[in-house]
Amino acid sequence: MANIKKFKVFRFDSAQDKKARFETYKVEWIPGQTVLDGLNYIRDNIDGSLAYRSSCREGVCGSCAMHINGKYCLACEQQLKVMPEKIIIRPLANLEIIKDLYVDMTPFWKKYKAIKPYLIGKESITGKERIQSQDERAHLDKVIDCILCASCYAACGMNALNDEYLGPAALAKVNRFYLDSRDHAKDERLAMVADEQGVFRCHTMFNCQVACPKEVDPTANIANLKRNIVSSQMSGRLSKKGV
Ligand code: FES
């Protein structure tokens, strides 16, 4: 007898639907398959109109992040073998739904771009190799693992309340460059997130820490920025304007 899971999937087409609904599908599966494989099964065998994102199928690209049985996670990392018979799937929150599980990531990318997610070097070393020791690289362990899946952004209660808040992913990325020995814009990075839509909007709810599939711990990264901002302000290197 075939193994069957019931997938209860959020459906909504912003181009034509007035109301969202859930639809339930019976999914045949074999050990080793994931929730993403189940969604592919639905799309290929039951309803070709089901919309969702995926690419790598191995937890690398971050595109299959969604809300599954009460938590944000990557659909391609959720083994069906260890899941209950009924699987409830919703799209990421805090982002507009385009169709079904497919959300508009534009605000997320806009905020990511705003924090200058690249190394800023001294003019004199621009274009040259920037050497980093193993110890210096070790400071970036974990935070460099962010795959920009937006699970933390969806889980964040402050993002839910405030569209302008940069959010945990962008702020963790600021800390990633702040910690990087090759970056020469430390004060600029602290200043760019020292206002009310930056780190001080974070209420340390830990939702982002729980949601992150790569254990990046955005909460700890934001706390590190807060600490360094306050110490820079106390030493007079950073103005208190806007905080
Ligand atoms: S498909 Fe790339 S992380 Fe899931």
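Think of each chain on its own: its residues are numbered from 1, step by step along the sequence as written. Thresholds applied to this predicted model are a pLDDT of at least 70 for local features of residues and 80 or more for the giving and counting of side-chain atom pairs; totals over whole chains, interfaces and linings are not thresholded and use all residues.

1. Side note on the overall build of the protein chain
Here is step 1: When you go through the protein chain residue by residue, the secondary structure sums to 9 helices and 7 strands.
Here is step 2: In terms of overall dimensions, the protein chain has a C-alpha envelope of 70 × 40 × 30 Å along the principal axes.
Here is step 3: Within the protein chain, contacts between residues separated by at least 24 positions form 65% of all contacts whose residues are at least 6 apart in sequence. By the criteria applied, helices consist of DSSP H or I runs no shorter than four residues and strands consist of E runs no shorter than two, each listed in order from the N terminus. We call two residues in contact when their backbone-placed C-beta atoms lie within 7 Å.

2. Regarding the domain arrangement of the protein chain
Here is step 1: What fixes the domain bounds is an automatic or database domain assignment. When the domains of the protein chain are assigned, the result is domain 1 (3–103) and domain 2 (106–234).
Here is step 2: Computed from C-alpha coordinates alone, the two centres of domain 1 and domain 2 are separated by 29 Å.
Here is step 3: In this complex, domain 1 contributes 13 residues to the contact, which on the side of domain 2 involves 15 residues.
Here is step 4: Per element, the largest residue contribution to the side of domain 1 that touches domain 2 is 3 residues, and it comes from strand S4 (residues 71–74).
Here is step 5: Charged residues are taken to be Asp, Glu, Lys and Arg, nonpolar residues to be Ala, Val, Leu, Ile, Met, Phe, Trp, Tyr, Cys and Pro, and polar residues to be all remaining types, Gly included. Class assignment for the residues of the side of domain 1 that touches domain 2 results in 9 nonpolar, 3 polar and 1 charged.

3. Some words on helix H9 (residues 218–234)
Here is step 1: Between its terminal C-alpha atoms H9 stretches 24 Å, which fits the 24 Å expected from 17 residues at 1.5 Å a residue.
Here is step 2: Within H9, the full set of buried residues consists of Pro218, Thr219, Asn221, Ile222, Leu225, Asn228 and Ile229.
Here is step 3: Gly236, located one to two residues past H9, shows a positive phi value of around 85 degrees. Take the residue count of a helix, subtract one, and multiply by 1.5 Å to get its expected span. With C-beta atoms placed from the backbone, a residue is labelled by how many other C-beta atoms lie within 10 Å of its own: buried for 20 or more, exposed for 12 or fewer, partly exposed between the two.

4. What about the nonpolar core?
Here is step 1: Only buried residues count toward a nonpolar core: Ala, Val, Leu, Ile, Met, Phe, Trp, Tyr and Cys, linked into one set through C-beta atoms within 7 Å. Of all hydrophobic cores here, the largest spans 58 residues; its most connected members are Leu171 and Leu225.
Here is step 2: Mapped onto the domain boundaries, this core takes at least three residues apiece from domain 1 (3–103) and domain 2 (106–234).
Here is step 3: Setting aside residues no more than four positions away along its own chain, Leu225 makes contact with Leu171, Val174, Asn175, Tyr178, Leu190, Val193 and Val199.

5. Topic: the sheet that holds strand S3 (residues 65–68)
Here is step 1: The strand order across the open sheet formed by 5 strands is S2-S1-S5-S3-S4, and the pairing between neighbours is mixed. One side of each edge strand has no neighbouring strand; the edge strands of this open sheet are strand S2 (21–29) and S4. Strand after strand, the sheet turns through a mean of 35 degrees between neighbouring axes, direction not considered.
Here is step 2: DSSP bridges decide pairing: two strands pair if at least two such bridges lie between them. Of the strand pairs in this sheet, strand S1 (residues 3–11) and strand S5 (residues 86–90) are connected by 4 bridges, and their pairing is parallel. Across the sheet, the residue bridging to Lys8 is Ile88, located in S5.
Here is step 3: Comment: axis = line fitted to C-alpha atoms, over the contacting stretch for helices; angle = value between 0 and 180 degrees taken between N-to-C directions. Each of S1, S2, S3 and S5 is contacted by helix H1 (residues 35–45), which is oriented at about 105 degrees to S2, the strand it contacts most.

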